[in-house]
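# Topology and contacts: notes
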Amino acid sequence: GLSRAMAGSIREGVALNFQFQTMEVRLTGLLGSASSARSALKEFQRIAATTAFTITDVSEAGTTLGAFMGKSFQKDIAGTTKAVADLAAFMGLNMTEAAAAFGRAMAAGAGAADILRERGVLNLIKEFQGIEDLTKLTLPEFRAALMSPLVDAAGPVAGATERMSQTTVGAVSNMKDSWQAFLREFTSSVSPGLKALAKELTAVFNEAAERISGDKGSEQPYKRLLSV
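Residues numbered from 1 in each chain as written. Predicted model: local features only at pLDDT ≥ 70, side-chain atom pairs only at ≥ 80, totals over all residues. Heavy atoms only, no water.

The number of helices and strands found in the protein chain is 13 helices and zero strands. Listed by position from the N terminus, the elements making up the protein chain come as α-α-α-α-α-α-α-α-α-α-α-α-α. Counting all 228 residues of the protein chain, 40% fall into the buried class. In the protein chain, 63% of the contacts between residues at least 6 apart in sequence involve partners at least 24 apart. Looking at the protein chain as shown, the accessible area adds up to about 12400 Å², and 57% of this sits on carbon and sulfur atoms. (Helix = DSSP H or I, 4+ residues; strand = E, 2+ residues; numbered from the N terminus. Buried < 20%, exposed > 50% of the residue type's maximum accessible area, 1.4 Å probe, protein only. Contact = heavy atoms within 4.5 Å. Areas by Shrake-Rupley, 256 points an atom, 1.4 Å probe, with all protein chains shown as cover.)

Written out as structure tokens, the structure reads:
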């Protein structure tokens, strides 16, 4: 009953911590420092708390954007991630899917924007910007054209997350974000112990494998394992 539910919550919290540690490592490589990665994750958490997207979805999307866009993403992490949140809400996709579609388009132009074309976003850009043929734009021109309806308050995309957050779906999502944030903090102290245990077990198993193969003496490693 209650104990089973508590155990399940602890497992969920530990899994979330592992997931966010992995994302922090990826972001550190993309952004150049651990402090920048932690700042980015805080921005993702802030955006998730006020939209109908989960912190996991927002963080995965932000990491995807960083991989596709590189330095241009670093210039405005919060603004770009929020713009893609609006795009996702407008297209009816989750943020990770929208970020992948947006990232490919920003990296390679209109020819790589199949999902945006299917969802009517490219046609929207044409009408919003008065552009007849997007393929004739240079890549910097296309990037500017793509961003315009996402950040211009007069367009149909900007502000889509605010409108969605007022729905029941948005309220439930924000509640889930708060719960997951609590679980991550509640179980954060468990991670160092698990890390130490994993390293100790790795050493024990490696030693056991070496002894079995005859590389070392006959002393059994199980005694050390039982002492862990």
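That shown, we press on.
We now examine the pattern of salt bridges. For the structure on display, the rule yields six salt bridges. Lysine 82 is the salt-bridge partner of aspartate 86, the closest N and O atoms lying 3.2 Å from each other. On the criterion of helical spacing, the pair formed by aspartate 86 and lysine 82 is a turn pair, its members being four residues apart in helix H5 (residues 77–91). By relative accessible area, aspartate 86 is classed as buried at 3%. The residue aspartate 114 makes a salt bridge to arginine 117 at a minimum N-O spacing of 2.9 Å. Here aspartate 114 pairs with arginine 117, and both are found in helix H7 (residues 114–118), just three residues apart, close to one helical turn. Since its relative accessible area comes to 43%, aspartate 114 is described here as partly exposed. Linked by salt bridges that have partners in common, Lys82, Asp86 and Glu162 make up one network. (Salt bridge = Lys/Arg side-chain N within 4 Å of Asp/Glu carboxyl O.)

Two quantities define a packed helix pair, namely the angle between the helix axes and the distance between the axes. Two elements in contact, helix H8 (residues 121–129) and helix H9 (residues 139–151), have axes separated by 9 Å at closest approach and are oriented at 90 degrees. With respect to H9, the element H8 is oriented roughly perpendicular. Residue-level inspection shows Leu122, Ile125, Phe128 and Gln129 of H8 in contact with H9, the latter providing Phe142, Ala144, Ala145, Leu146, Ser148 and Pro149. Residues belonging to the contact of H8 with H9 are distributed by class as follows: eight nonpolar, two polar and no charged. (Axes fitted to C-alpha atoms, helices over the stretch in contact; angles between N-to-C directions. Parallel < 35°, antiparallel > 145°, perpendicular 65-115°, else oblique. Nonpolar A, V, L, I, M, F, W, Y, C, P; charged D, E, K, R; others polar.)

Val121, Leu122, Leu124 and Ile125 are the residues of H8 that are buried. Projected onto a plane normal to the axis of H8, the buried residues spread over an arc of 155 degrees and lie on a single side. Looking at the buried positions of H8, the neighbouring elements they touch are H5, H7 and H9. Positioned one or two residues after H8, glycine 130 has a phi angle of 70 degrees, which is positive. (Arc of directions from axis to C-beta.)

The subject of this paragraph is the nonpolar core. In terms of nonpolar packing, the biggest core is built from 50 residues, with Phe44, Met95, Phe102, Leu116 and Leu146 touching the most fellow members. Of the residues forming this core, the biggest block, eight residues, is contributed by H5. (Core = buried A, V, L, I, M, F, W, Y, C linked by side-chain atoms within 4.5 Å.)

Remark: H5 packs on H9, axes separated minimally by 9 Å, with the N-to-C direction vectors making an angle of 75 degrees. Judged on the interaxial angle alone, H9 and H5 are roughly perpendicular. Side by side, H5 and H9 meet where Ala83, Asp86 and Leu87 of the first sit next to Met147, Leu150 and Val151 of the second.

Relative to the assigned elements, threonine 63 resides in helix H3 (residues 55–69). Excluding residues that lie within four positions of it along the chain, threonine 63 makes contacts with Met23, Arg26, Leu27, Leu30 and Phe44.

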